[in-house]
Amino acid sequence: MARLTAGVATSHVPAVGRAIDTGQTQNDYWKPMFDGFDFSKKWEESEKPDVVFLVYNDHATAFSLDFIPTFAIGVAEDYAVADEGFGPRPVPPVEGHADLAWHIAGSVIQQDFDLTVVNKMDLDHGLTVPLSLMFGQPERWPCKVIPFAVNVVQYPVPSGRRCYNLGKAIRKAIDSFDQDLNVQIWGTGGMSHQLQGPRAGLINQPWDQAFLNDIGDNVDRLVGIPPEEYIREAGSEGIELVMWLIMRGALDDQVTEVHRHYHVPASNTAIGHIILKNGK
Amino acid sequence: MTKSRPYDDVPGTTVFDERMSRKGYHLNQFCMSLMKPENRDRFKSDNRGYLDDWKMTEDQKQAVIDRDYNRMLSLGGNIYFLAKIFSCDGLSFQYAASTMTGVSEDEYLKMMLAGGRSPDGNRYKHEWDKSNG
Ligand SMILES: [Fe+2]
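Reading guide: rules and limits
Residues numbered from 1 in each chain as written. Chains lettered and ligands numbered in written order. Predicted model: local features only at pLDDT ≥ 70, side-chain atom pairs only at ≥ 80, totals over all residues. Heavy atoms only, no water. Donors = N, O, S within 2.8 Å, 3.2 Å for Na, K, Ca; no water. Helix = DSSP H or I, 4+ residues; strand = E, 2+ residues; numbered from the N terminus. Buried < 20%, exposed > 50% of the residue type's maximum accessible area, 1.4 Å probe, protein only. Contact = heavy atoms within 4.5 Å. Buried area = accessible area lost by both parts, 1.4 Å probe. Salt bridge = Lys/Arg side-chain N within 4 Å of Asp/Glu carboxyl O. Polar contact = N/O pair within 3.5 Å; in protein donor to acceptor, adjacent residues only side chain to side chain. Nonpolar A, V, L, I, M, F, W, Y, C, P; charged D, E, K, R; others polar.

*Asks:* Break down the coordination of the iron ion for me, with residues and values.
*Replies:* Residue and element names in this part refer to chain A. Protein coordination of the iron ion is provided by His12 (NE2), His59 (NE2) and Glu240 (OE), with donor distances spanning 1.9 to 2.1 Å. Sequence spacing among the residues donating to the iron ion works out to H-x46-H-x180-E. In this pair, His59 sits in the loop between β2 (51–56) and β3 (71–74) while Glu240 sits in the loop between α9 (227–234) and α10 (242–250), placing the two residues 181 residues apart along the sequence. A residue is classified by how much of its surface remains accessible, and Glu240, at 2% relative accessible area, is buried.

Shown next as structure tokens:
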């Protein structure tokens, strides 16, 4: 049977992708941020996941305003890297896991979450930057990926509680897949940032730290945070943190924190990163 | 239909709900078109001519030509869509954010290096009204 072994959360800033792609990760500005991922890359080398279920949001790349799926699961065999306006990132294409993806789509829809099923979508920095942070710059990504896109652009966006419960449904689906696979779930985005308007540049370190403190053992508090609190306290784009709750919902109630990293700033954003393993 | 929302009292922030999205549909879809290199080239060589192919208001077109991002936000633009415009200009999110806050990119960078804009005094519109009056 497939085994969900760990959850990873990380921010997914475009400028981080650019720093990697242009070889600037060791300069004064970026080094402290990237140092926090050295452990994570080594950890992934020993964990060797077969599949990453990667929760991210599309930033007006694959989805325009023509149609806006709240939750979309990629079921393709492979995916191209998107051109977001300055050419695609020079990273390998992403291989999907169509069998597991279709199985999860079927199971989760039958558990009353209405997913949009997607056969073709180009993947933007929301998905590729976390892959680079966790796997470095390989010729080929070391595992298959199931992209799972959450709408956090057009309001209303899904609540933290719905995301958390969706995570639980995804877990049930993974547990009932009859191939022996090591599966990780990643939640990406955040932490505090605001990219727009006169309040741009907002960063709330105490609020972020409290979120990191509670995601392991006190997630009930986080699940109840309403969208307006994310906007007010963590900036308009801080709402991306609801995607971390999908990751957390899929893990056991009891988890062990393996690694944590927090750094300000990466361009406009507070970088947060945590690795949780199932069980105490 | 236009009843107030719990986030309406956050200062300096435009939440992209249906009130904004309905205004900005054509503006945002124009932005999406800039993801194709051939469209970027056409737009770069003639902003006005390219914009005239879109069902946008004159205000929206002028705001794009002026690269006035706050104005575009107020006319229904969403920041992730507007990002296609400054990417096409070869400019970063950090640069765009600085123009929206009315400071130089250098000053903005310094603020971020010092830990970013504090939430204190920036949570409610009335806090901004007080400091301006
Ligand atoms: Fe994002």
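*Asks:* I'd love a proper account of the interface of chain A and chain B, names of residues and values included.
*Replies:* Contact residues are listed per partner, giving 42 residues for chain A and 49 residues for chain B. Around 3,900 Å² of area is buried between chain A and chain B when both sides are counted, 58% of it from carbon and sulfur atoms. Joining chain A to chain B, the criterion identifies three salt bridges. In this structure, the connection of chain A to chain B is made through 28 residue pairs in polar contact (both at pLDDT 80 or more). Mapped onto the side of chain A that touches chain B, the elements with two or more residues apiece are α9 and β9 (255–266) of chain A. The dominant element in the side of chain A that touches chain B, judged by the number of residues it contributes, is α9 of chain A, at four residues. In terms of residue class, the side of chain A that touches chain B is built from 16 nonpolar, 17 polar and nine charged.

*Asks:* Give me the environment of Pro226 of chain A: which residues, what numbers.
*Replies:* Residue and element names in this part refer to chain A. Structurally, Pro226 is set in the loop between α8 (219–223) and α9. Residue classification places Pro226 among the partly exposed positions, given a relative accessible area of 30%. Once the C-alpha coordinates of Pro226 and Ser159 are considered, the two residues, 67 residues apart in sequence, prove to be 6.9 Å apart.

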